[in-house]
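# Observations on the model geometry
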Amino acid sequence: MRRLVPHPVLSLALVLVWLLMTRFSLGHLLLGGAISLVAGWALGALEPEAPRIRRVWPFVRLMGIVGIDIIRSNIAVAMLILTRGRHGERKSGFVEIPLRLRDPFPLGLLAMIVTATPGTAWLEYDSDSGILLLHVFDLIDDAAWRDLICNRYEALLLEVFA
Amino acid sequence: MTLTHSLITWAILYAQFVLAVAACLATLRTLRGPRAQDRVLGLDTLYVTVMLLFVVTGIRVGTPFFYEAAMVIGVMGFVATVALAKFLIRGEVIE
Amino acid sequence: MKHLIDLPLWIAGPVAVFLVIGATLTLLGTLGLVQLRSFYDRLHAPTLGTSWGAAAILLASMILFSWVEGRPVAHELVIGVLVMVTTPVTLMLVGRAALHRDRAEGRGDVPPARKTTGSDQG
């Protein structure tokens, strides 16, 4: 089973996308299934190790938290642009954050979270020292941002992929 | 012309106008620079904005063709931006 | 625009609201892109358009076409996933290109490269 479908989540997602793009029918289900199987083998040849989600509940909680944070920071950044950065008082800056995460897949997920949230931009990650360089749009307190990334997102990600 | 009809027509018109203005602003940043990375960022924003404009136009006309065009624009924008950013880092696109 | 004539209010209302929100957020993003002073500030501006700007407009399209076609239409999700997955890649690459160029020119206002890395890998 593992050799036939090396990346089950990816293959399932591909079938779903295929059915979304076309109308649902048995023919499209078969065609999409075949394509996703071949795509799974191709990725299996490139990258043998599939990422494993160990615990589902923290993952769902993480998605909820990220959804709320994206809405909140959208409003915050929109307000900052409208008021021209609280009339010139806004300061932006670089923040260095030491990360405990090492696996590429959760790191990629963290990069998506950080970039999808307006107000923080992922600039550089150094894989030797594990230090991440962020640029923050509205920098009031360095430690608060470190705390946010490490305790709000990274802790949950460690739990999911532990 | 019922109330709901005029509501949705005006919303679509507003969205189209605002997205067109947004595309003009992104073009302005692309033209003005001042540095190469600003131009790349402006181009990327222009791609996303025009893609959304196509989706809104699809809502107005009611055909699925604009949706497919929007998806092609999205993919092309991604490839173009990645190639340009790689070029800025290395000075070569293909290595 | 025949498909827009017999819409009930509970479809037309949310569609109109999402369209207005999405378009306005995208405009604010590009406004920031033109208005902000430094490049690293401008890097944040387009994320308004790519997060809720895109999501709201795609939601509006999903609601409207689901009603018009009489079946759940969700292919807009594909564009949504595309935007969500590609934006981090492009912004990260553009940001790193800018860092690299600023460091190569020796500008003082960016943090220096870490000594432990031999070369930044592409």
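Owing to the predicted nature of the structure, the values given are computational and were not obtained by experimental measurement.

## Comments concerning the UniProt feature "transmembrane region" (unreviewed entry) in chain B
Residues and elements named next belong to chain B. Per the UniProt record, "transmembrane region" (unreviewed entry) is annotated on residues 6–28, 40–59 and 65–89. Helix and strand shares over residues 40–59 are 100% and 0% respectively, and the end C-alpha atoms of the span are 29 Å apart. Secondary structure across residues 65–89 comprises 100% helix and 0% strand; the distance between its end C-alpha atoms is 37 Å.

## A closer look at the pairing of strand 2 (residues 120–126) of chain A
Residue and element names in this part refer to chain A. The element strand 2 is largely enclosed, with a buried count of seven among its seven residues. Judged from the six bridges that link them, strand 2 and strand 3 (residues 131–136) form a sheet pairing that is antiparallel. The residue bridging Ala 121 from the neighbouring strand is His 135, located in strand 3. Once strand 2 ends, the chain turns through four residues before running back antiparallel as strand 3, passing Gly 130 with a positive phi of about 70°.

## Structural notes on the pattern of salt bridges
By the definition in use, this model includes seven salt bridges over all chains. Its salt-bridge partner being Asp 69 of chain A, residue Arg 152 of chain A comes within 2.9 Å of it at the nearest N-O pair. Of this pair, Arg 152 of chain A sits in helix 6 (residues 142–160) while Asp 69 of chain A sits in helix 3 (residues 56–82); the two residues are 83 residues apart in sequence, bridging distant segments of the chain. Take Asp 69 of chain A: its relative accessible area is 6%, and that puts it in the buried class. With a shortest N-O distance of 2.6 Å, Asp 102 of chain C and Arg 35 of chain B are connected by a salt bridge. With Asp 102 of chain C in helix 4 (residues 76–104) and Arg 35 of chain B in the loop between helix 1 (3–32) and helix 2 (36–61), this pair bridges two chains. The class for Asp 102 of chain C is buried, based on a relative accessible area of 5%. For Arg 35 of chain B, a relative accessible area of 15% gives the class buried. A network of salt bridges, in which partner residues are shared, links Asp 69, Arg 72 and Arg 152 of chain A.

Rules behind the numbers
- Here the residue numbers are simple positions, counted from 1 along each chain's written sequence.
- Working convention: letters from A go to chains and numbers from 1 go to ligands, in the order in which they are written.
- In keeping with the model being predicted, local features are shown solely for residues with a pLDDT of at least 70 and side-chain atom pairs are shown and tallied solely at 80 or more, while totals for entire chains, interfaces and linings include all residues.
- With hydrogens and water stripped out, all remaining heavy atoms of the structure feed into the side-chain values.
- UniProt positions are given in the numbering used here, feature names are shortened, and annotations may be inferred rather than shown by experiment.
- For helices the rule is a DSSP run of H or I covering at least 4 residues; for strands it is a run of E covering at least 2, with both sets numbered from the N terminus onward.
- Residue exposure (1.4 Å probe, protein chains only): buried if accessible area is under 20% of the type maximum, exposed if over 50%, otherwise partly exposed.
- At least two DSSP bridges between two strands are needed for those strands to be called paired.
- Within this document, salt bridges are pairs made up of a side-chain nitrogen of Lys or Arg and a carboxyl oxygen of Asp or Glu, the two lying within 4 Å of each other.

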